[in-house]
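What follows is the residue order along each chain.
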Amino acid sequence: MDLDWKQYRPAEGTVILSTIDAHAAGEPLRIITGGLPPLPGTTILERRRFMQEHYDHLRQALMWEPRGHFHMYGAVLTPPVTPEADLGVLFLHNEGYSTMCGHGVIALVTALVKTGAIRPQGPHTPVTLDTPAGLVRATVHLDGSGQVERVSFLNVPSFVYAREVELELPAYGKLAVDIAFGGAFYAILPAERVGLRVVPEATAQLVAAGEAIKKAVNTRLLITHPFEEDLGFLYGTILTDVPQDPAHQSRNICVFANAEVDRSPTGTGVSARLALHAARGEVADDQPVVIESLLGAKSAFSGRVAGRAVVGPFEAIIPEVSGTAFLTGRHEFIIEATDQLGKGFLLP
């Protein structure tokens, strides 16, 4: 039986949202391409607040079940707010709104070029984004046939916020964690400190540890950003381990938002880790490192310290992160006014 979509007549009050879906290193990105009303505001943070206050039900409808899932991730495009930028972007997840997202930049810019929204300007095409954390300068790298090979981006200045913060947790005893900012704040520590390995079969235990550490840090330490109050919160926990591929630097799992697990190495997390490694003298400027995700060697981002900066009282780096993304689908989602479950729900 053939179903004719053209025969569908939406009832009054029905909302229809179109999206393009992609993934970077396994982590999904659902890009809203139509149906969302304009977001007023002179800054990206103002637009983020407006969406949170007025259209958060649309985030829930697309990120949560039955259209999404506990670990879905999304993006909203806006006009730029600075003269240098090509466009603005907000990032969405199961709990709310990110301050920056590296896998999201890689997947979004790939989608923009593959769909013709941005036309390549040679083998290295610049795309500049206004994000809630600041200006991010991406570059699309094309192969010899003109296809997107990878996307790299110069992230916002990243820095170490606190070193060796001492915690005591009932399940893990005394721990020391580092706090670093890479567009978002992370608590970073080796997984072995909680008696775990970063492998898929340990995901539940890693999530439990990450959430417990995040809660303990929030009890122990007030995190503030030097310039933006809205950026001052602990976004997640990164647990590190040895890599699957010995040629790579390491692997990690990032547990963020509401116990959400990043399938990618986490672009902002790689940036925060680069800031930490640079502060320890473990990486030199321009030295490339490859970091794997929970999925292992097939899911990896490369990074390097591309420059130096100062953020308030903090010595900072300019990280460059690079990765590959692919399109996975396009959708037209329907939100019928009388569908109560269709408004969104979460099951872990």
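Residues numbered from 1 in each chain as written. Predicted model: local features only at pLDDT ≥ 70, side-chain atom pairs only at ≥ 80, totals over all residues. Heavy atoms only, no water.

Per an unreviewed UniProt entry, the chain goes by the name Proline racemase and belongs to Ktedonobacter racemifer DSM 44963. As stated in UniProt under Sequence similarities (unreviewed entry), the record for the chain gives "Belongs to the proline racemase family." (UniProt positions renumbered as here; feature names shortened; annotations may be inferred.)

Overview of helix 2 (residues 56-63)
Where burial is concerned, most of helix 2 is hidden: 6 out of the 8 residues are buried. Buried within helix 2 are the following residues: Asp-56, Leu-58, Arg-59, Ala-61, Leu-62 and Met-63. (Buried < 20%, exposed > 50% of the residue type's maximum accessible area, 1.4 Å probe, protein only. Helix = DSSP H or I, 4+ residues; strand = E, 2+ residues; numbered from the N terminus.)

Comments concerning the domain arrangement of the chain
According to the domain assignment, the chain contains domain 1 (15-154 + 327-335) and domain 2 (158-322). Each of domain 1 and domain 2 was reduced to a C-alpha centroid, and the two centroids are 23 Å apart. With 28 residues of domain 1 in contact, the opposing surface of domain 2 contributes 30 residues. Taken together, both faces of the contact between domain 1 and domain 2 bury some 2200 Å²; the carbon and sulfur share is 56%. (Domains from an automatic or database assignment. Contact = heavy atoms within 4.5 Å. Buried area = accessible area lost by both parts, 1.4 Å probe.)

With respect to the nonpolar core
Across soluble globular proteins, nonpolar side chains have a tendency to be buried as a group. Judged by nonpolar contacts, the single largest core of 95 residues is most densely connected at Val-105, Val-177, Ile-179, Ile-213 and Val-217. Per-element tally for this core: the top contributor is helix 3 (residues 102-114), with 8 residues. A domain split of this core shows at least three residues from each of domain 1 (15-154 + 327-335) and domain 2 (158-322). Residues in contact with Ile-179, not counting those within four places in the same chain, are Val-160, Tyr-161, Ala-162, Val-165, Phe-185, Tyr-186, Ala-187, Val-217, Leu-221 and Ile-223. In this structure, Met-51, Val-76, Leu-92 and Tyr-97 belong to the second largest nonpolar core, which totals 19 residues. (Core = buried A, V, L, I, M, F, W, Y, C linked by side-chain atoms within 4.5 Å.)

Some points on the pattern of salt bridges
Summed over all chains, the structure comprises 11 salt bridges. Of the charged contacts, one joins Glu-282 and Arg-280 as a salt bridge, the two residues approaching to 3.8 Å between their closest N and O atoms. Looking at Arg-280, the relative accessible area reads 34%, which means it is partly exposed. Close ionic contact of Asp-285 with Arg-308 constitutes a salt bridge, the shortest N to O distance being 2.7 Å. Taken together, the residues Asp-285 in the loop between helix 5 (267-280) and strand 15 (289-293) and Arg-308 in strand 16 (residues 296-311) connect sequence positions 23 residues apart. (Salt bridge = Lys/Arg side-chain N within 4 Å of Asp/Glu carboxyl O.)

Some remarks on the side chain of Ser-293
Checked against the element boundaries, Ser-293 lands in strand 15. One polar contact links the side chain of Ser-293 to the main-chain carbonyl oxygen of Arg-263, over a distance of 2.8 Å. (Polar contact = N/O pair within 3.5 Å; in protein donor to acceptor, adjacent residues only side chain to side chain.)

A closer look at the pairing of strand 7 (residues 134-142)
In terms of strand pairing, strand 6 (residues 124-131) meets strand 7 through 8 bridges, oriented antiparallel. In the sheet register, Thr-128 faces strand 7, and the bridge partner there is Arg-137. Connecting the antiparallel pair strand 7 and strand 8 (residues 148-154) is a turn made up of 5 residues, with Gly-146 showing a positive phi of about 85 degrees. (Pairing = 2+ DSSP bridges.)

A word on the environment of Ala-325
Here Ala-325 is to be found in strand 18 (residues 325-335). The class of Ala-325 is buried, set by a relative accessible area of 5%. For the pair Ala-325 and Gly-104, spaced 221 residues apart in sequence, the C-alpha to C-alpha distance is 9.4 Å. Once residues lying within four places of it in the same chain are set aside, the contact partners of Ala-325 are His-23, Ala-24, Ile-106, Ala-107, Thr-110 and Lys-114.

Some words on the packing of aromatic side chains
For any two aromatic rings, the description comes down to two numbers: the centre-to-centre distance and the angle of the planes. For the structure shown, the criterion picks out 13 aromatic pairs. With a centroid separation of 5.2 Å and an interplanar angle of 20 degrees, the aromatic rings of Trp-5 and Tyr-8 are classed as stacked. With relative accessibility at 48%, the residue Trp-5 sits in the partly exposed group. Residues Tyr-235 and Phe-256 carry aromatic rings whose centres are separated by 5.3 Å and whose planes lie at 40 degrees to one another, so their mutual orientation is tilted. Taken as a pair, Tyr-235 in strand 12 (residues 234-241) and Phe-256 in strand 13 (residues 250-256) lie far apart in primary sequence, 21 residues in all. Of the two residues, Tyr-235 and Phe-256, neither departs from the other in class, the shared state being buried. One aromatic cluster in this structure is built from Tyr-73, Phe-91, Tyr-186, Phe-233, Tyr-235 and Phe-256. (Phe/Tyr/Trp six-rings, centres within 6.5 Å; stacked < 30°, edge-to-face > 60°.)

Considering the packing of helix 1 (residues 44-54) against helix 2
As a packed pair, helix 1 and helix 2 sit with axes 5 Å apart at the nearest point and diverge in direction by 80 degrees. Considering their axes alone, helix 1 and helix 2 lie roughly perpendicular with respect to each other. Contact residues: helix 1 offers Met-51, Gln-52 and His-54, while helix 2 offers Asp-56, His-57 and Arg-59. Grouping the constituent residues of the contact of helix 1 with helix 2 by class yields 1 nonpolar, 3 polar and 2 charged. (Axes fitted to C-alpha atoms, helices over the stretch in contact; angles between N-to-C directions. Parallel < 35°, antiparallel > 145°, perpendicular 65-115°, else oblique. Nonpolar A, V, L, I, M, F, W, Y, C, P; charged D, E, K, R; others polar.)

Thoughts on the environment of Arg-220
Mapped onto the elements of the fold, Arg-220 is located in helix 4 (residues 203-220). Setting aside chain neighbours within four positions, we find Arg-220 in contact with Val-165, Glu-166 and Leu-167. For Arg-220, the side chain forms a polar contact with the main-chain oxygen of Glu-166, separated by 3.2 Å.

Details of helix 3
If you check helix 3, its first and last C-alpha atoms are 18 Å apart, about what 13 residues at 1.5 Å a residue would give, namely 18 Å. For helix 3, the full list of buried residues reads Gly-102, His-103, Gly-104, Val-105, Ile-106, Ala-107, Leu-108, Val-109, Thr-110, Ala-111, Leu-112 and Val-113. Gly-116, located one to two residues past helix 3, shows a positive phi value of around 85 degrees. (Expected span 1.5 Å × (residues − 1).)

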